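Architecture and fold: a report
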Amino acid sequence: MTTPAYVVLGPPGAGKTTVGQLLAERLDLPFRDVDEDIVVSAGKPISDIFTSDGEPAFRAMEEQAVADGLKTHEGVLALGGGAILSAATRELLAGHTVVFLNVGMAEGVKRTGLSSARPLLTGINPRATFKALLDARLPLYREVATIEVVTDHLEPDQVVDAVLAAR
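Residues numbered from 1 in each chain as written. Predicted model: local features only at pLDDT ≥ 70, side-chain atom pairs only at ≥ 80, totals over all residues. Heavy atoms only, no water.

Enumeration according to the criterion identifies two aromatic pairs in this entry. Here F50 and F58 contribute two aromatic rings whose centre-to-centre distance is 5.0 Å and whose plane-to-plane angle is 40 degrees, an arrangement assigned as tilted. Across the pair, exposure class does not vary: F50 and F58 are buried alike. Ring geometry for F100 against Y141: centres 4.9 Å apart, planes inclined by 20 degrees, an arrangement best described as stacked. With F100 in strand β4 (residues 98–102) and Y141 in helix α7 (residues 126–144), this residue pair connects regions lying 41 residues apart in the sequence. Each member of the pair F100 and Y141 is classed as buried. (Phe/Tyr/Trp six-rings, centres within 6.5 Å; stacked < 30°, edge-to-face > 60°. Buried < 20%, exposed > 50% of the residue type's maximum accessible area, 1.4 Å probe, protein only. Helix = DSSP H or I, 4+ residues; strand = E, 2+ residues; numbered from the N terminus.)

Here we take up the nonpolar core. Counting residues in each nonpolar core, the largest one holds 21 residues, and the members touching the most others are L9, V34, L79, I84 and L93. Listing elements by their share of this core, those giving two or more residues are β1 (6–9), α2 (34–42), α3 (46–53), α4 (55–72), β4 and α7. Take this core: its biggest share by element is four residues, from α4. Setting aside residues up to four positions removed in sequence, L9 forms contacts with K16, L79, I84, L93, V98, V99, F100, L101, Y141 and V144. Within the second largest apolar cluster, 16 residues are counted, among which are V8, A14, V160 and V163. (Core = buried A, V, L, I, M, F, W, Y, C linked by side-chain atoms within 4.5 Å. Contact = heavy atoms within 4.5 Å.)

This part covers the pairing of strand β5 (residues 147–150). Going residue by residue along β5, you find I147 and V149 tucked away on one face and E148 and V150 left uncovered on the opposite face. Bridge analysis of β4 against β5 gives four bridges, and the strand direction is parallel. Opposite L101, over in β5, you have V149 as the bridge partner. (Pairing = 2+ DSSP bridges.)

Attention shifts here to the sheet that holds β4. Here five strands make up an open sheet; going across it, the order is β2-β3-β1-β4-β5 and the pairing parallel. Strand pairing shows two members of the sheet lacking a second neighbour, β2 (31–33) and β5, which therefore form its edges. Between one strand axis and the next, the sheet turns by 20 degrees as a mean value, whatever way the strands run. Relative to strand β3 (residues 76–78), β1 runs parallel, the two sharing three bridges. Across the sheet, the residue bridging to V8 is A78, located in β3. Where helix α1 (residues 16–27) meets the sheet, it contacts β1, β2, β3 and β4, and its direction lies at approximately 160 degrees from that of β2. Along the sheet face, helix α8 (residues 156–166) touches β1, β4 and β5 and points at about 155 degrees away from the line of β5. (Axes fitted to C-alpha atoms, helices over the stretch in contact; angles between N-to-C directions.)

Glancing now at the packing of α3 against α4. Two elements in contact, α3 and α4, have axes whose closest approach is 7 Å; the angle formed by their N-to-C orientations is 130 degrees. Taken as axis vectors, α3 and α4 run oblique relative to one another. Contacts between α3 and α4 involve I46, I49, F50 and D53 on the former and, on the latter, E55, A57, F58, R59 and M61. Within the contact of α3 with α4, the residues separate by chemical class into six nonpolar, no polar and three charged. (Parallel < 35°, antiparallel > 145°, perpendicular 65-115°, else oblique. Nonpolar A, V, L, I, M, F, W, Y, C, P; charged D, E, K, R; others polar.)

All right, on to the pairing of β4 then. Among the five residues in β4, five count as buried, and that is most of the element. The alternating pattern of β4 places V98, F100 and N102 on one face and V99 and L101 on the opposite face, and all of these are buried. Sheet topology note: the β1/β4 ladder contains three bridges and is parallel. In the strand pairing of β4, V8 is matched with V99.

Honestly, that's just the spatial picture; any functional story needs more than this.
Encoded structure:
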């Protein structure tokens, strides 16, 4: 069975793409981002998928893209922040080296800038939305993680060092 060397996940602003790319570079492995796979297959940005098709349609695409990535990718695979909401995805992650990049609310809000490219963070009170998102997802991230790194006060290279030291 083909399997990623590392699966990287965490909330918005945790650094999944940045750290995933650096980790792959250091290990001389390919990098793949599930969100990019979805954008390519749907032919439109994730924010447009949320707007035109709705979150359930996006989550179904995400579940399929994660399953495909876990079966076919041998490098570093970065998942979208909400991928772990799927029980099927959490089951598929069992047996993989799963890196949870943990970020606190203040740092996550600072890093995301509450960007409209992040559809779940737009709305009346984005900070409250981010807090609710963290509260709901934290136990799920921890359920699947084999490595956890708190990224709040670390540069991306330091996060990669911590990931490699934990393996």
